[in-house]
Amino acid sequence: MISFVVIGITDNPRPWFPPEVTDIIRQGKVFSGGKRHHEIVAPLLPPDAEWIDIAAPLSDVFAQYTRLNSHHISHLSSLTSHLGRIIVFASGDPLFFGFADTIRRKMPEAEIVLFPTFNSLQMLAHRLVMPYHDLRIVSLTGRPWHAFDRALIERAAKIGALTDHKHTPAAIARRMLDYGYNGYTVHVGEHLGNPAEERVTTLTLEETAARDFTTPNCLILTRQANRIEPCQTAAPYGIPDSAFALLDGREKMITKMPIRLLTLQALDLPRRHTLWDIGACTGSVSIEARLRFPHLQVEAFEIRPECEAIIRENMRRHGTPGIGIHIGDFLQASLTGEGRPDAVFIGGHGGRLQEIMARVLTVLPPDGIIVMNSVVAPRVATDSRRLWDDTCRQLGLRQEPPLHIQLNDHHPITILKCKR
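Bear in mind the structure is a predicted one, so any value in this text is a computation, not a measurement.

(A) Representation of the overall build of the protein chain within the structure. Secondary structure assignment for the protein chain yields 13 helices and 18 strands. By principal-axis analysis of the C-alpha atoms, the protein chain measures approximately 85 × 50 × 30 Å. Counting across all 420 residues of the protein chain, residues that qualify as buried make up 50%. Looking at the protein chain alone, contacts between residues at least 24 apart form 69% of all its contacts between residues at least 6 apart. Working note: accessible area of the protein chain is about 20000 Å², and carbon and sulfur atoms make up 53% of it. Each charge class in the protein chain was averaged separately, 46 positive and 45 negative side chains, and the resulting centres sit 3 Å apart.

The following block contains the structure:
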């Protein structure tokens, strides 16, 4: 069994450790950490220390751990000797989006002893004398925007964000302004723990978006009380149809709000992870789903190039960042990297329903759901309900009881649902 000691450090170039940790370092043989960590602790390491840089790919790092640990342990009588441990230096609390959790995932049988210190967001809260028990924490360090976008859509009052070279404070501020979340104040902490370089700055979003910050940094966003944001145009439940930008001004090219809400209900979205909206047009179903169920990954597919600008405009209007937009023929689209859908809405099929559903089935899990709305209108050459029934039968899909509804003078609509 490999044994690790994981020691949390700050950005202080002269770190202090308690006597127990100092003894572990003095008696250690194999050490590891990032390049910045090495620069900080190098003067404290024994002359014969071996250092393993933590860098991509991590598989190589863990292979080195195994090889070196086996070599040194073969000369020891006890696995618990300090000499038999790999000593890892990590930032802050190693269990806070940190390397200790990576060790647990990569080597679940490994023995881990932790000596944490404050993480960067804790230190920033300390400098601001800000209680942080209610802080909504997201990491953007090597991660996509999804968790951060969800915190915005859910109107979190206080958001702590770990940044990287792509997700900088300026990039975060610009994203918030683009989607109408301008009711926040930004607190940025740079080089926290380094007495010579540490800086804490409080700014508006506009000021943050126009400014560069040194790394490493992190930020805390605090929402201004009683501030109404432009993106808060949605009704408590259901976005009015008039609030959407339309394709050529055609009202018939949007799923009407009551139908939209019933469609989302049929998709069982509270228990789903990824929604595909095929034939998204204006994006109304995708946007309503993203607002009501921010945990969802939402991917919108649309064949008409002119719809891309419309969908993006509607995303900005309603504060729904993070919807993936895919323009082109769905039957020709690459389906890798879009997340495996467990809920699919077919808003348009161009007469190729069977081909579309057959392709969906190549990625749909066993408990996945497909929903389509069928319009019952006179003088329509293709009966979409009959096409749906034939397709489900040929593909071996099990249909749920349909829901029939008519709004005012509009043609009746049937909400269709099937599973494997």
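(B) View of helix 7 (residues 169–178). With seven of ten residues buried, helix 7 is to be regarded as a mostly interior element. Inspection of helix 7 places Pro169, Ala170, Ala171, Ile172, Ala173, Arg175 and Met176 among the buried residues, and these make up the whole buried set. On its buried side, helix 7 packs onto helix 6 (146–153), strand 7 (158–162), strand 8 (184–190), helix 8 (205–209) and strand 10 (217–223).

(C) Inspection of the environment of serine 32 at higher detail. Relative to the elements of secondary structure, serine 32 occurs in strand 2 (residues 30–33). Judged by its relative accessible area of 0%, serine 32 is buried. Distance from serine 32 to aspartate 53, taken between C-alpha atoms, is 5.8 Å for residues 21 residues apart in sequence. Serine 32 has contacts with Trp51, Ile52, Ile54, Tyr65, Ile87, Val88 and Phe89, leaving out every residue within four places of it along the chain. Separated by 2.6 Å, the side chain of serine 32 and the backbone oxygen of isoleucine 52 make a polar contact.

(D) Representation of the pairing of strand 3 (residues 50–53) within the structure. Summarising the sheet, strand 2 and strand 3 pair through four bridges and their orientation is parallel. The residue bridging glycine 33 from the neighbouring strand is aspartate 53, located in strand 3.

(E) Seen up close, helix 12 (residues 353–360). The set of residues buried in helix 12 consists of Leu353, Ile356, Met357 and Val360. Projected down its long axis, helix 12 carries its buried residues within an arc of 95°, all on one side. Looking at the packing, one finds that the buried side of helix 12 touches strand 11 (274–278), strand 14 (343–346), strand 15 (369–375), helix 13 (384–395) and strand 18 (413–419).

(F) Region of interest: the nonpolar core. Residues Phe148, Ile159, Met176, Leu267 and Leu269 are the most contacted members of the largest nonpolar core, which totals 51 residues. Among the nonpolar cores identified, the runner-up in size contains 22 residues, and Ile356, Val363, Cys392 and Leu397 belong to it.

(G) Spotlight on the sheet that holds strand 3. What the five strands build is an open sheet, ordered 3-2-4-1-5; its pairing is parallel. The outermost strands of the open sheet, each flanked by one partner alone, are strand 3 and strand 5 (111–115). Put simply, the sheet's adjacent strands are angled 25° from each other on average, direction ignored. Against the sheet, helix 1 (residues 19–27) touches strand 1 (3–9), strand 2, strand 4 (85–91) and strand 5, its axis set at about 125° to strand 4. Relative to strand 5, helix 4 (residues 99–106) is tilted by about 175°, and along the sheet it contacts strand 1, strand 4 and strand 5.

(H) Representation of the packing of aromatic side chains in the model. For the coordinates displayed, the defined rule picks out eleven aromatic pairs. Centre to centre, the rings of tryptophan 276 and phenylalanine 330 are 6.1 Å apart; their planes meet at 75°, and the pair counts as edge-to-face. Separated by 54 residues along the polypeptide, tryptophan 276 in strand 11 and phenylalanine 330 in the loop between strand 13 (324–327) and strand 14 bring together distant segments of the chain. Pair check on accessibility: tryptophan 276 and phenylalanine 330 agree, each one buried. The interplanar angle of 90° and the centroid separation of 5.2 Å between the aromatic rings of phenylalanine 301 and phenylalanine 330 together place this pair among those described as edge-to-face. Of the two residues, phenylalanine 301 sits in strand 12 (residues 297–302) while phenylalanine 330 sits in the loop between strand 13 and strand 14, which places them 29 residues apart along the sequence. Each member of the pair, phenylalanine 301 as well as phenylalanine 330, carries the same accessibility label: buried. Members of the aromatic cluster, each reached through a chain of ring pairs, are Phe4, Phe62, Tyr65 and Phe99. Just above the ring of phenylalanine 330 sits the side chain of arginine 359; from NZ or CZ to the centre is 5.9 Å.

Scoring rules and cut-offs
- Residues numbered from 1 in each chain as written.
- Predicted model: local features only at pLDDT ≥ 70, side-chain atom pairs only at ≥ 80, totals over all residues.
- Heavy atoms only, no water.
- Helix = DSSP H or I, 4+ residues; strand = E, 2+ residues; numbered from the N terminus.
- Buried < 20%, exposed > 50% of the residue type's maximum accessible area, 1.4 Å probe, protein only.
- Contact = heavy atoms within 4.5 Å.
- Areas by Shrake-Rupley, 256 points an atom, 1.4 Å probe, with all protein chains shown as cover.
- Lys, Arg positive; Asp, Glu negative; His and termini not counted.
- Charge placed at Lys NZ, Arg CZ, Asp CG, Glu CD.
- Polar contact = N/O pair within 3.5 Å; in protein donor to acceptor, adjacent residues only side chain to side chain.
- Pairing = 2+ DSSP bridges.
- Arc of directions from axis to C-beta.
- Core = buried A, V, L, I, M, F, W, Y, C linked by side-chain atoms within 4.5 Å.
- Axes fitted to C-alpha atoms, helices over the stretch in contact; angles between N-to-C directions.
- Phe/Tyr/Trp six-rings, centres within 6.5 Å; stacked < 30°, edge-to-face > 60°.
- Lys NZ or Arg CZ within 6 Å of the ring centre and 35° of its normal.

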